[in-house]
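# Tertiary structure, described
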Amino acid sequence: MKTLKNISILLLALMAVCACSDRPDNPQKVADAPDIYPDYAGVTIPAGIAPLNFSMKGDCERMDVTVKGQKGGELNANGSFANFDIDEWHDLLEQNKGADLAVTVCAKNDGQWVQYQDFTIHVSPYALDEWGLTYRRIAPGYEVYSHMGLYQRDLATFDEYEIIDNSRIPGQCVNCHSARQTDPEQFVFHVRGEHGATMFQQHGQREWLKAKNDLLGGSMVYPYWHPSGKYCAFSTNQTRQGFHVIADERIEVFDLSSDVFVYDPQTHEMLTDSLLSTPDWSENTPVFSPDGKTLYYMTCRQQDYPAHYKDEQYNLCKIAFDPETGRYGNQVDTVFNAVKMGKSLTWPRPSYDGKYILFTLMDYGYFSVWHKESDQWLLDLQTGEARPIDEINSPDADSFHNWNVNSHWVVFTSRREDGLYTQLFLTSVDDQGHFTKPFLLPQHNPKKYYGETLYSFNTPDFSKSKVDFDARSAAREIMSDERVQTRVK
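Keep in mind that this is a model prediction, so the values were computed, not measured.

### As for the overall build of the chain
Secondary structure summary: the chain contains four helices and 36 strands in total. Counting all 489 residues of the chain, 53% fall into the buried class. As displayed, the chain offers around 21600 Å² of accessible surface, 49% of which is attributable to carbon and sulfur atoms.

What follows is the structure, given as structure tokens:
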């Protein structure tokens, strides 16, 4: 028995040696760049990111990839795809902050090794101060809720965790999640369906608000926390959808009405104002400035829907807000006039350093995920100038986005890979407001993962730490229909 065991160990050792020995000895060198998936050539990444594993786009018997740091260090991956050791990867990136990594790719086909031209990856000096991302995963349909959920992902690894999945609450939709400046100690999301509610979790304490307040005429959606954590802004929307009969267009989403208000979680009061609840205009998607003294939102002249859906075009406006009293200013100002350009603005997001507002620009409407022409734009709050962010935009829908807390990283959704599924991309922003080439959210085996997944990613945000949420007890609370009543002030 002992002899058989020794033989088995020897055979395993020989197999490992043979596998490791399949390395390029004298590869044929070509002038072409390697055709890899995902396209990580020339991207800028934070030091703490998970390994940028990749494959050859086409058929490949084996790959051999070496990464060398400009400041030192080297690692190698050899196999069916570039699968880097996670600890070695993190050590290499930490050693090379602010420097380049040179990546040498060799691929074997028909027994012949080919070495391609090197490409570089830049390790940013800007830290990624968050633990990970939160997002919703949902089938890219629109007729029924289907299977969906809110999830979180550790950006240093490939680990994904459920926050809440609607398999626990059949027939319900979970959406509109938000944390206070990426800190999930104060966290909110909305449940839509028969057991609808708005969930507030603050410092481990959770409560469920009644989904609709009849005095508002709708639910509490599109939340955004005040930087103090004392308030949360919402809009209330009577949303409808219509379906196209043209091949390249699928769906339009519009609101029969929408208004903006600020909610006080301590008093359960909705702070409303006639300037933010007008009969002829639709106010939507409010966000606070980093100092908490300004409420930005988008507004559109109310149209006759669905007949005039292409006339649904939004501008960016603002109104003063006093955090001490919870009172609004007496004047609304237009910050960016998209309608004058024949366009519509959606999803305004101020950077936390107060320099910029990131938004999406499209032809009409505000559900940019369905608009192929939607692009990312940047408004400089110091100069008042706005520009399309050409360095990150693509020919397909570039939609929802959020900043990280130090305002040097942005996560956004895009359909650039296949035109069907929204996926998550990250990009870095320097002190002058220049963006780097976006990179697809890393996965352990990205070609397999993205090739086989049946879900779109949407509404991403950075998360300072892992969201501490008990999905099992939350599901029981949702189905119990015990709700806190809100008041309009």
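### What to know about the packing of aromatic side chains
Taken as a whole and judged by the stated rule, the model has 27 aromatic pairs. Ring centres of Tyr222 and Tyr366 lie 6.2 Å apart, and the angle between their planes is 90 degrees; this geometry places the pair in the edge-to-face category. Note that Tyr222 is positioned in strand S19 (residues 221–225) and Tyr366 in the loop between strand S28 (356–362) and strand S29 (375–380), a separation of 144 residues in sequence. Note on accessibility: Tyr222 and Tyr366 belong to one class, buried. The interplanar angle of 90 degrees and the centroid separation of 5.2 Å between the aromatic rings of Tyr231 and Phe321 together place this pair among those described as edge-to-face. Highlighted residues: Tyr231 in the loop between S19 and strand S20 (232–243) and Phe321 in strand S25 (residues 315–322), separated in sequence by 90 residues. Taken together, Phe200, Trp225, Phe234, Phe261 and Tyr263 form an aromatic cluster joined through their ring pairs.

### Notes on a negative patch on the surface
Taken together, the side chains of Asp85, Asp87, Glu88 and Asp91 define an acidic patch exposed on the protein surface. With respect to the helices and strands, the residue Asp85 is situated in the loop between strand S6 (74–79) and helix H2 (86–95). Exposure remark for Asp85: the relative accessible area of 39% places this residue in the partly exposed category.

### As for the sheet that holds strand S31 (residues 398–403)
As summarised here, the arrangement of the four strands in space is S31-S32-S33-S34, forming an open sheet in which the pairing is antiparallel. Strands at the two margins of the open sheet, each flanked by one partner only, are S31 and strand S34 (439–440). Bridge analysis of strand S33 (residues 423–428) against S34 gives two bridges, and the strand direction is antiparallel. In the sheet register, Phe425 faces S34, and the bridge partner there is Leu440.

### Here we look at empty space enclosed by the protein
Counted according to the given criterion, the structure contains one cavity of 30 Å³ or more. Approximately 40 Å³ is the volume attributed to the largest cavity. In terms of lining residues, the largest cavity is bounded by Gln181, Tyr224, Trp225, Pro227, Phe288, Ser289, Pro290, Pro350 and Tyr352. By residue class, the composition of the lining of the largest cavity is seven nonpolar, two polar and no charged.

### Observations regarding the environment of Val262
The topology assignment puts Val262 in strand S21 (residues 251–264). Owing to a relative accessible area of 0%, Val262 belongs among the buried residues under this scheme. Once the C-alpha coordinates of Val262 and Phe234 are considered, the two residues, 28 residues apart in sequence, prove to be 6.1 Å apart. Ignoring any residue separated from it by four or fewer positions in sequence, one finds Val262 in contact with Tyr231, Cys232, Ala233, Glu269, Met270, Leu271, Phe288, Leu295, Phe321 and Tyr328.

### Topic: the confidence of the model for the chain
Of the residues in the chain, 90% have a pLDDT of 70 or more, and the chain-wide mean is 91. Predicted confidence is poor over residues 1–20, with pLDDT under 50, and the contacts of this stretch with residues over four places away or in other chains come to two contacts.

### Details of the sheet that holds strand S30 (residues 386–388)
Adjacent strands of a sheet form backbone hydrogen bonds with each other and so pair up, either parallel or antiparallel. Strand order in the open sheet made by the four strands is S27-S28-S29-S30, with antiparallel pairing throughout. Where the open sheet ends on each side, the last strands, each with one partner, are strand S27 (344–350) and S30. Averaged over all pairs of adjacent strands, the angle between strand axes in this sheet comes to 25 degrees, irrespective of strand direction. Where S29 and S30 come together, three bridges link them in antiparallel fashion. When the sheet's bridge partners are listed, Trp377 is paired in S30 with Pro388.

Conventions adopted
- Residues numbered from 1 in each chain as written.
- Predicted model: local features only at pLDDT ≥ 70, side-chain atom pairs only at ≥ 80, totals over all residues.
- Heavy atoms only, no water.
- Helix = DSSP H or I, 4+ residues; strand = E, 2+ residues; numbered from the N terminus.
- Buried < 20%, exposed > 50% of the residue type's maximum accessible area, 1.4 Å probe, protein only.
- Areas by Shrake-Rupley, 256 points an atom, 1.4 Å probe, with all protein chains shown as cover.
- Phe/Tyr/Trp six-rings, centres within 6.5 Å; stacked < 30°, edge-to-face > 60°.
- Patch = residues over 30% accessible without salt bridge, like charges linked within 9 Å, V, L, I, M, F, W, Y side chains within 5 Å.
- Salt bridge = Lys/Arg side-chain N within 4 Å of Asp/Glu carboxyl O.
- Lys, Arg positive; Asp, Glu negative; His and termini not counted.
- Charge placed at Lys NZ, Arg CZ, Asp CG, Glu CD.
- Pairing = 2+ DSSP bridges.
- 1 Å grid on protein atoms, 1.4 Å probe; cavity = no way out; pocket = protein on both sides within 12 Å on 5 of 7 lines; lining within 4 Å.
- Points joined across faces, edges and corners; volume = space filled by probe spheres on them.
- Nonpolar A, V, L, I, M, F, W, Y, C, P; charged D, E, K, R; others polar.
- Contact = heavy atoms within 4.5 Å.
- pLDDT = per-residue confidence, 0-100.
- Axes fitted to C-alpha atoms, helices over the stretch in contact; angles between N-to-C directions.

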